[in-house]
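The primary structure of each chain is shown beneath.
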Amino acid sequence: MSSVLFVCLGNICRSPLAEGVFRQLAGAAGLDLLIDSAGTGDWHIGHAPDPRSQAVAARHGVDISGLRARQLTADDFSRFAHIIVMDDSNRENIRAWEPERHEARVNLLLDFVPGRAGEAVPDPYYGGPEDFEETYRLVRAGAEGLLRAIVGGGVAAGQAE
Ligand code: 4NP
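(A) Structural view of the environment of Gly118. For Gly118, the position within the fold is in the loop between strand S4 (105-108) and helix H5 (129-152). C-alpha of Gly118 to C-alpha of Met86: the two residues are 32 residues apart in sequence and 10.0 Å apart in space.

In structure tokens form, the structure reads like this:
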């Protein structure tokens, strides 16, 4: 069984959305994957996703209301085969927990979208509803590409380490 951890800064906007969308896609594909999300920051530990993320997810038929934020741990690098970050600052921040040697592959979510490798899913926290809609669109494209990569065994594409 493969395993995927989505990571952003607060674990209330982008990564819970990615978790919810990817869970739905993996479930529809009949795949039994370990799927979770975490933040590098500690401000929102135990909190439900941002109401704007919950709303955009619900508009697209995805229920993320039951998710609760947690902070990344060093154990995550051994528990998960794939650690999927949203932007370069997340990639920098996770180094604080990253063991010197580990097997997890770290990628940006958009590495899995043709033509968008290396690009960020921008932080919508200080934005409006239209920013959350754009976040959803990017997250959805990334989740679809990631699923294709896992099913096809092509997950080493992009910036895998
Ligand atoms: P996220 O968005 O990283 O997509 O969950 C943010 C949520 C909260 C904060 C920053 C980004 N914050 O500063 O509290």
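(B) Broad picture of the packing of aromatic side chains. Enumeration over the complete set of coordinates arrives at two aromatic pairs. Note on Phe6 and Phe22: the rings are 5.5 Å apart at their centroids and 70 degrees apart in plane angle, and the pair reads as edge-to-face. Here Phe6, found in strand S1 (residues 3-8), pairs with Phe22, found in helix H1 (residues 14-28); they are 16 residues apart in sequence, far enough to count as distant. Here Phe6 matches Phe22 in class, with each residue buried. Ring centres 4.9 Å apart and planes at 75 degrees place the aromatic pair Tyr125 and Tyr126 in the edge-to-face group. Owing to a relative accessible area of 30%, Tyr125 belongs among the partly exposed residues under this scheme.

(C) View of the site of the ligand. Surrounding the ligand, one finds Cys8, Leu9, Gly10, Asn11, Ile12, Cys13, Arg14, Trp43, His44, Asp123 and Tyr125. A distance of 3.2 Å is found between an oxygen atom of the ligand and a backbone nitrogen or oxygen belonging to Asn11. Between the ligand and the protein, one listed contact pairs an oxygen atom with a backbone N or O atom of Ile12 at 3.0 Å. Alone, the ligand offers 350 Å² of accessible surface; in the complex the protein occludes 92% of this. The residue makeup of the shell around the ligand, split by class, is six nonpolar, three polar and two charged.

(D) Inspection of H5 at higher detail. In this model H5 runs 34 Å from its N-terminal to its C-terminal C-alpha over 24 residues, within 8% of the 34 Å that 1.5 Å per residue would give. Residues of H5 that are buried include every one of Phe132, Thr135, Tyr136, Leu138, Val139, Gly142, Ala143, Gly145, Leu146, Leu147, Ala149 and Ile150, and no others. Of the surrounding secondary structure, the elements contacted by the buried residues of H5 are S1, H1, helix H2 (51-59) and strand S3 (82-85). A positive phi of about 75 degrees marks Gly153, the residue just after H5.

(E) Region of interest: the packing of H1 against H5. Packing of H1 against H5 leaves a shortest axis separation of 9 Å and a crossing angle of 45 degrees. Of the possible angle classes, the one that applies to H1 and H5 is oblique. As H1 runs across H5, the sense of the crossing is right-handed. Contacts between H1 and H5 involve Arg14, Leu17, Ala18, Val21, Phe22, Gln24, Leu25 and Ala26 from the first element and Thr135, Tyr136, Val139, Arg140, Ala143, Glu144, Leu146, Leu147 and Ile150 from the second. Among the residues forming the contact of H1 with H5, the class breakdown is twelve nonpolar, two polar and three charged.

(F) The arrangement of the side chain of Asp50 in detail. Examined against the element boundaries, Asp50 turns out to sit in the loop between strand S2 (34-39) and H2. The exposure class of Asp50 is buried, given its relative accessible area of 7%. In this structure the side chain of Asp50 is engaged in a polar contact, spanning 2.8 Å, whose partner is the backbone nitrogen of Arg52.

(G) The arrangement of unusual backbone geometry in detail. Backbone geometry at Asn11 places phi at a positive 60 degrees, although glycine is not the residue there. Topologically, Asn11 is positioned in the loop between S1 and H1.

(H) Spatial organisation of the pattern of salt bridges. Under the criterion given, the structure shown has twelve salt bridges. Among the ionic pairs, Arg70 bridges to Asp36, the shortest N-O distance being 3.1 Å. Taken together, the positions of Arg70 in the loop between H2 and helix H3 (76-79) and Asp36 in strand S2 put the pair 34 residues apart, joining distant regions of the chain. You'll find Arg70 and Asp36 in the same group, each marked buried. Across the pair Glu144 and Arg140 runs a salt bridge whose closest N-O atoms are separated by 3.0 Å. Placement of the pair is Glu144 and Arg140 together in helix H5, with a separation of four residues, close to one helical turn. Arg140 gets classed as partly exposed once you look at its relative accessible area, which sits at 24%.

What counts and what doesn't
- Residues numbered from 1 in each chain as written.
- Predicted model: local features only at pLDDT ≥ 70, side-chain atom pairs only at ≥ 80, totals over all residues.
- Heavy atoms only, no water.
- Helix = DSSP H or I, 4+ residues; strand = E, 2+ residues; numbered from the N terminus.
- Phe/Tyr/Trp six-rings, centres within 6.5 Å; stacked < 30°, edge-to-face > 60°.
- Buried < 20%, exposed > 50% of the residue type's maximum accessible area, 1.4 Å probe, protein only.
- Near = heavy atom within 4 Å.
- Polar contact = N/O pair within 3.5 Å; in protein donor to acceptor, adjacent residues only side chain to side chain.
- Areas by Shrake-Rupley, 256 points an atom, 1.4 Å probe, with all protein chains shown as cover.
- Nonpolar A, V, L, I, M, F, W, Y, C, P; charged D, E, K, R; others polar.
- Expected span 1.5 Å × (residues − 1).
- Contact = heavy atoms within 4.5 Å.
- Axes fitted to C-alpha atoms, helices over the stretch in contact; angles between N-to-C directions.
- Parallel < 35°, antiparallel > 145°, perpendicular 65-115°, else oblique.
- Left-handed = near helix turned anticlockwise from the far one by under 90°.
- Salt bridge = Lys/Arg side-chain N within 4 Å of Asp/Glu carboxyl O.

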